[in-house]
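Below, each chain spelled out in residue letters.
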Amino acid sequence: MVVGHGLGLGHVLEGNVSMPPRKISKVLIANRGEIAVRIIRTCREMGIATVAVYSDADRGSFHVRNADQAVHVGPAPSRLSYLDVGRILDAARATGADAIHPGYGFLSEKAEFARAVEDAGLVFIGPRPESMEAMGVKTTARKNMAAAGVPTVPGAPAPIAVLEEARALADRIGYPVMIKAAAGGGGKGMKRCDRAADFAAMWESAQREAASAFGDDRLYLEKFLDQPRHVEIQVFADGHGNTIWLGERECSVQRRQQKVIEESPSCIVDARMREAMGEVAVRAARAVGYRGAGTVEFLVDAGRSFYFLEMNTRLQVEHPVTEMVTGLDLVRMQLEVAQGERVPAQEQLVRRGHAIEARVYAEDPARGFLPCPGKITYLRVPAGPGVRDDSGVYSGWVVPQYYDPMLSKLVAWAPTRDQAIARLLRALDEYTVHGITTNLPYLAAVLRHPAFRSGEYDTTFCARHAAELVRAPDPALEDVGLIAAAISAHRRDAEQAEAFAARAGAAGAGASRWLRQGRARVLRGGPR
Amino acid sequence: MSRPSSYVALLDGGSRERKVEVRPLAPGIYEVRLGDRVHRVDAWRHDHGTLSLLVDGVSWSATLDERDPAVHVRVKDSVFPIEILDERRLRLRRAAGAFTLEGKQTVFAPMPGKVVKILAPLGAEVAEGQPLLVIEAMKMENELRSPRAGKLVELLVKEGQTVEANARLCAVE
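Residues numbered from 1 in each chain as written. Chains lettered and ligands numbered in written order. Predicted model: local features only at pLDDT ≥ 70, side-chain atom pairs only at ≥ 80, totals over all residues.

1. Let's talk about the pairing of strand β22 (residues 406-414) of chain A
Residues and elements named next belong to chain A. Of all nine residues in β22, nine are buried, a share of seventy percent or more. As paired elements, strand β15 (residues 354-361) and β22 share eight bridges and run antiparallel to each other. Note that in β22 the partner of R359 across the bridge is K409. (Buried ≥ 20, exposed ≤ 12 C-beta atoms within 10 Å, placed from the backbone. Helix = DSSP H or I, 4+ residues; strand = E, 2+ residues; numbered from the N terminus. Pairing = 2+ DSSP bridges.)

Next up, the structure:
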């Protein structure tokens, strides 16, 4: 592969932290479910052996059967199994794995885990622990980004003690502003202020609220972004100082900060903006000496200005969207980078068509998205052109209560956005899960919604259209539903009646022939 | 040929009833009467509760997910939970009196999980829809609400306790 960037910070890093090239022959996957299966698939293709880990609840899990080896690492609660660094490392040592892939969630963004893996002489498939630390805490990350010239939401990351000082800053960044408690969370001590005249009163009220809620009345200030969109850039860096961006993913369809639908490209990003965001994302990654797959998340306001939100120092759930438009295998690239290989040059990358991902969850939208663990009595997944189902379940599997209720990620690719939406809807229609309730109808309702179709949607989409997205079944289809239920019941009843008659007949046949003969004669009124 | 069947279908959680009659005409061919409409239906059974229906010549795919007590019938994006009852089952169902929210109402665990918080003490007066306790399952907290206004007369679980699906949690009267 061609080396993309030979100058600047990349050059410095190359001198600093070159990694000894090292062929990986066996990978332990410190994860479960869908992502463990996803990683195993690529390892298979590369001829790399795999080790699964599993808790008490996951002996029957799909990833255990798919791996070459599997090690039990503890009881069902993840803190005692999938989050237990000691047990994961023991499993790696016991099986002779030479690398650990953390997937997403669990230990994937814990710098101390990455460090422990490296201290054990194993390859951590992910960034350096220092990079994770530099991006781990929001205020630190923000400071690092500001220093690297990456735009952040205007405001003060550090607490402001004096009211006058705060008001002066608010006047400078422009209203509306958000007043936030430094120790805050859950909306307490958080106020939106629309004009200078209200500022003093709101500041003081927020101070009182913060003091009573957290015992800490320190406040800070940020510009309020009205109906922002969530757009993120996939970046990739190797150990030779090359950092590239692979394009954006639009993730504004979120429910309570949880992504529901992701697509690429974004409807609001044109070539120039994409280039600008890509360059900023690369700058952010370089600033922390990044290596491997990472995602730089941005908030985009109505004027299409973008601000750094955070960096996810791991493979994302929604990475298949980028794989579909770039044709790359990001897990393969992770493994290659970990082996000391190079990423492709920026100008080699080609993006084509449109990809959309829908997250299939075991949850009931009609009951406040209540999780629905339980047995999958039947599963039939979609197929056909441009459809990809990254699943971690099978027919007969009991979805455990202990972990995230995501069953699968359904992705559709097509040349245009309209065709990709139509294709994903078609695939959702083919998706059949029996035994537990899923969000499949909710996902279809999102894709059919005019605001989504127009591309004019932002992070408030799910909350704003909540009532339209959780719809009652279509009354026009009720008759077909009733016909199906009634014919099915009729067949069951007829089969039961037949079985009953057959049993009765068999019982009759078992009785004495003489007796039957006798009865028949009586009935005929014949001689005895 | 089997005999005709006559059913009452309960819809919308039992709050609506519709009559359905199924008359077999030939193997796999039925005449289905829904109110005053009569359809000729050709039904072919695929695997696992999937039915291919030709209703007056139009092709439909319906999947039937047998839950207790309702069967969840999916047609396109729509899922209809339907309880399908013959005469005998309808009488039993009515005798069970499960249609009303009068009297003592027991709150059951909708899924296996852990009781993380009890929000109303035993003996408390509660309003309909008031959260009674919080169950954590799959990393998410779920509030369970009172089915009716009244007094919390039974509290059968403690904070920190693990419960199975359908476990009795508390009762309001």
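More follows now that the structure is in view.
2. Things to note about unusual backbone geometry
Residues and elements named next belong to chain A. The omega torsion of the bond from Y175 to P176 falls at -5°, within 30 degrees of zero and hence cis. By the secondary structure assignment, P176 is in the loop between α8 (163-173) and β7 (177-181). The omega torsion of the bond from S264 to P265 falls at 0°, within 30 degrees of zero and hence cis. Examined against the element boundaries, P265 turns out to sit in the loop between β12 (258-264) and α10 (271-287). Within the chain, F106 stands out as a residue other than glycine whose phi angle is a positive 40°. In this structure F106 comes out as buried when scored by C-beta crowding, with 20 C-beta atoms within 10 Å. The phi dihedral of Q227 is positive, around 45°, even though this residue is not glycine. Within the secondary structure, Q227 is located in the loop between β9 (219-223) and β10 (229-237).

3. Some points on the confidence of the model for chain A
Note: predicted coordinates in regions of low pLDDT should not be interpreted at a detailed level. Across chain A, the average pLDDT comes to 90, with 90% of residues at or above 70. In this model, residues 1-18 of chain A is a region of pLDDT below 50 whose contacts with residues beyond four sequence positions or in other chains number 29 contacts. (pLDDT = per-residue confidence, 0-100. Contact = placed C-beta atoms within 7 Å.)

4. Some remarks on the environment of G278 of chain A
All names here are of chain A. By secondary structure assignment, the location of G278 is in helix α10. Judged by local crowding, G278 falls into the buried class, with 22 C-beta atoms found within 10 Å. Distance in space between the C-alpha atoms of G278 and I233 is 6.5 Å, their sequence separation being 45 residues.

5. Digging into the sheet that holds strand β12 (residues 131-137) of chain B
Residues and elements named next belong to chain B. Ordered in space as β13-β12-β10-β15, the four strands form an open sheet in which the pairing is antiparallel. Of all the strands in the sheet, the pair left with one neighbour each is β13 (140-145) and β15 (162-163). Relative to β12, strand β10 (residues 113-118) runs antiparallel, the two being bridged by four bridges. Note on β12: the bridge partner recorded for V115 is I135.

6. Some details on the packing of helix α13 (residues 417-430) of chain A against helix α14 (residues 440-448) of chain A
Residues and elements named next belong to chain A. In the contact formed by α13 and α14, the axes pass within 10 Å of each other and the chain directions differ by 160°. As summarised for this structure, α13 and α14 are arranged roughly antiparallel, according to the angle between their axes. Crossing of α13 against α14: the hand is left-handed. Contacts between α13 and α14 involve I421, L424, L425 and L428 from the former and L440, L443, A444 and L447 from the latter. Each residue belonging to the contact of α13 with α14 can be placed in one class, and the counts come to eight nonpolar, no polar and no charged. (Axes fitted to C-alpha atoms, helices over the stretch in contact; angles between N-to-C directions. Parallel < 35°, antiparallel > 145°, perpendicular 65-115°, else oblique. Left-handed = near helix turned anticlockwise from the far one by under 90°. Nonpolar A, V, L, I, M, F, W, Y, C, P; charged D, E, K, R; others polar.)

7. A word on the interface of chain A and chain B
In many reports, interface size means the accessible area that the parts give up when they come together. Counting residues at the interface gives 33 residues for chain A and 42 residues for chain B. Going through the elements one at a time, β17 (370-371), β23 (432-434), α14 and α18 (478-510) of chain A are the ones with two or more residues in the side of chain A that touches chain B. Sort the elements by how many residues they give to the side of chain A that touches chain B and α18 of chain A lands first, with 15 residues. For the side of chain A that touches chain B, the class distribution of residues is 20 nonpolar, seven polar and six charged.

8. Some words on the nonpolar core
Inside soluble globular proteins, nonpolar side chains tend to come together where they are buried. Counting residues in each nonpolar core, the largest one holds 137 residues, and the members touching the most others are L28, V235, A281, A284 and L424 of chain A. Discounting chain neighbours no more than four positions away, the residues touching L28 of chain A are V51, V53, A91, A92, T95, A97 and I100 of chain A. (Core = buried A, V, L, I, M, F, W, Y, C linked by C-beta atoms within 7 Å.)

9. Comments concerning the pairing of β10 of chain B
Here β10 of chain B runs beside β15 of chain B; their pairing, made up of two bridges, is antiparallel. Along β15 of chain B, the bridge assignment pairs K114 of chain B with T162 of chain B.

10. Describing the confidence of the model for chain B
Residue and element names in this part refer to chain B. On average, residues of chain B carry a pLDDT of 88, and 94% of them reach 70 or more. When the elements of chain B are averaged for pLDDT, helix α1 (residues 87-96) gives the smallest value, 78, and strand β3 (residues 29-34) the largest, 97. Both confidence scores are given for the complex: pTM 0.82, ipTM 0.77.

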